[in-house]
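One letter stands for each residue in the lines below.
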Amino acid sequence: MSGRSPLKAAFLADRERIALRHGALLDPGWRSRLGTLSIFGGGAALYVASFFLLDMSLSHLIGGFWRLTDIVGLMVPPTPGSWSRFYLYVGAIGQTLSIAFLGTLMAALLAVPMGFLAARNVVANRIVHLLARRSLDTIRSIDTLIWALIWINVVGLGPFAGVLAIMCSDFGAFGKLMSEAIETASHKPVEGILAAGGSRFSAIRFGVVPQVLPVFASQVLYYFESNTRSATIIGIVGAGGIGLQLSELIRVLEWQQAAFVILMVLVTVAAIDQVSQLLRGAIIGRRR
Amino acid sequence: MDHTVIIPPDAQLEPLLRAYRAAVAARRRQFLTGLAVMAATFALACIGAEVDPALFWDQLGNFTSYFGRLAHLDSGAIVLSDPAEWFWGLRRWTLMLRDTLLMAYAGTLTGAVFAFCGGFLCSRNLVSSAKLRFVVRRLLEICRTVPDIVFALIFVAAFGLGALPGVLAIAIHTTGALGKLFSEVVENIDMKPVEGIAASGGGWISQVRFGVVPQVLSNFASYTVLRFEINVRGAAVLGFVGAGGIGEELIIAIRKFFYSDVSAMLVMIVVCVMVIDTLSEKLRHRLLAMDRHA
């Protein structure tokens, strides 16, 4: 071994002196070791405890794995069943995309004024700013699926409830992003406009908006991507789209068709990712 | 202080103005085209998603009154007047919320361990085999793209009702999401320590252990904490499909119109998520600060 690597041989020969020189690195001392050990030990203990507290046993796990392999076996080959079912699924995917698009767009439009309200450098009033921030946080911490359930109670089952659900949960996220983008925007263009006699409105329109818009647009596109994923699942609680079909198929154990629908979702999401990446590049590139 | 603005003669001004107007017109055309495309897509999507503004307007009162009902007990009193009655199931719900947190914890940790292995195996600077990288990458992509609740639906069919399918679903989704981030971190490291270890005769394992891990650990930890935060939100709704935690109770309450129960559980979830958000933000800042000192 040492014949192949002269550096290693040299190191081994000089080992004692190196150990002496870099003692602190080689032996960090019991205090630091104890800290690391207790973090890792505590983490592992909690992990093991969680298995007991959640009633998860190894036999349960292994039994389930056998059934899972059976299910995966039943999934091949994925097939839509018939052409009419295929068209049904394509329509459902279209509906899912519509839900994601509308939800994201409406959330973005609503979030713009809210973002200005929640930005510290636009609205100087601390109470308004704090209230806006907290309410955005609250909206954000409620999951899309819960919003979907609430909206189903209001507008009934169907994709419209899904649109409103995505709109609500994204409104919180966009408001926060927008206000952060506004707060980090440079103040110089605003001062320039005010100095040249522009009004407060033109200061925002020509000083802040051009800085914020490309950042915000690329964020919105990113959320559109992630919303196509969320839109595929809100159907599970009855808010339209492909999720409705998928959960039905899984409930009636039509595994081949379920696998086909999952594949369709994968392909659609990949396609949307590509398109939005192109668009994002165009937006950021053009404005710069 | 008397400034005079020098205006060039018309002959010079003319082409400048023309170029300026052309540039503005081109941008405006571009903007209008974008707007038209957007409007067309919007209209198409409205048809696709069966959007009905009239229905929305009619039922909007329903939305506000829904929140009104959430704020009232069965007896008709406002919830804050009798917190004990509002949170009558506090013990039970706390236990379920604890289960939700534990599901998120166990799932995140399991996923992080797998992502730790996967992230190294699909990094261009550590693995020279393009085939291996391709396979690992596609696997991670599938784990990431299928939403965790879809995994939960399938696992509930295989493992039965309970927390186990939820934990597995979170673990798989986390593996995909973290694996990608981890491999991006690994691909951006400084390769000098790795080369040093390779030059002095260290094998692949010691190159990774002593050359890569010390550089990436704090970043990995920070991403994992962030993912835990996301997974807590996700775990709260996994119960909707029967995968354990507070979601099971919540969906029953929503479906059966137990309004004050719904609002009590929502308050608990929101408070819990906010506390975890704040803690995790602090923790991540400290982790990243550690990285800067090192």
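Higher on the page you've got the structure.
Residues numbered from 1 in each chain as written. Chains lettered and ligands numbered in written order. Predicted model: local features only at pLDDT ≥ 70, side-chain atom pairs only at ≥ 80, totals over all residues.

A. Spotlight on the overall build of chain B. Within chain B, the regular secondary structure consists of 11 helices and zero strands. Starting at the N terminus, the α and β elements of chain B follow one another as α-α-α-α-α-α-α-α-α-α-α. Here chain B has a C-alpha radius of gyration of 28 Å; the compact-globule value for 294 residues is 19 Å, and the former is much larger. C-alpha extents for chain B along the principal axes are approximately 85 × 70 × 50 Å. Here the analysis covers contacts within chain B between residues at least 6 apart in sequence; of these, 71% occur between residues at least 24 apart. (Helix = DSSP H or I, 4+ residues; strand = E, 2+ residues; numbered from the N terminus. Rg over C-alpha atoms; globule rule 2.2 N^0.38 Å. Contact = placed C-beta atoms within 7 Å.)

B. Structural view of the overall build of chain A. Along the backbone of chain A there are 13 helices and zero strands. Beginning at the N terminus, the succession of helices and strands in chain A can be written as α-α-α-α-α-α-α-α-α-α-α-α-α. Overall, the C-alpha framework of chain A stretches about 75 × 70 × 40 Å when taken along its three principal axes. Going through the 288 residues of chain A one by one, you find that 38% of them count as buried. Expressed as a percentage of contacts within chain A between residues at least 6 apart in sequence, the contacts between residues at least 24 apart total 71%. (Buried ≥ 20, exposed ≤ 12 C-beta atoms within 10 Å, placed from the backbone.)

C. Geometry of the interface of chain B and chain A. Every contact between the two is made by 50 residues of chain B and, on the other side, 54 residues of chain A. For the side of chain B that touches chain A, the secondary structure elements donating two or more residues are α1 (10-48), α2 (53-70), α4 (90-121), α5 (130-145), α6 (148-159), α7 (163-187), α9 (204-238) and α11 (259-293) of chain B. Counting residues per element, the side of chain B that touches chain A draws most heavily on α6(B), which supplies seven residues. Across the side of chain B that touches chain A, the residue classes tally to 37 nonpolar, nine polar and four charged. (Nonpolar A, V, L, I, M, F, W, Y, C, P; charged D, E, K, R; others polar.)

D. The arrangement of the environment of Leu131(A) in detail. Within the secondary structure, Leu131(A) sits in helix α7 (residues 126-141). Taking the C-alpha atoms as reference points, Leu131(A) and Leu117(A), separated by 14 residues in sequence, lie 9.5 Å from one another.

E. View of unusual backbone geometry. Residues and elements named next belong to chain A. Of the consecutive residues Val76 and Pro77, the connecting peptide bond is found in the cis state with omega at -10°. Inspection of the secondary structure assignment puts Pro77 in the loop between α5 (58-75) and α6 (83-118). Even without glycine at this site, Asp55 takes up a positive phi of about 60°. Relative to the helices and strands, Asp55 resides in the loop between α4 (30-53) and α5.

F. Examining the packing of α4(B) against α9(B) more closely. Residues and elements named next belong to chain B. Across the interface, α4 lies against α9 with an axial gap of 9 Å and an inter-helix angle of 145°. When you trace α4 past α9, the crossing you get is right-handed. Side by side, α4 and α9 meet where Thr100, Leu101, Met103, Ala104, Tyr105, Gly107, Thr108, Ala112, Phe116 and Phe120 of the first sit next to Val208, Phe220, Thr224, Arg227, Phe228, Asn231, Val232, Ala235 and Ala236 of the second. Residues belonging to the contact of α4 with α9 are distributed by class as follows: 13 nonpolar, five polar and one charged. (Axes fitted to C-alpha atoms, helices over the stretch in contact; angles between N-to-C directions. Left-handed = near helix turned anticlockwise from the far one by under 90°.)

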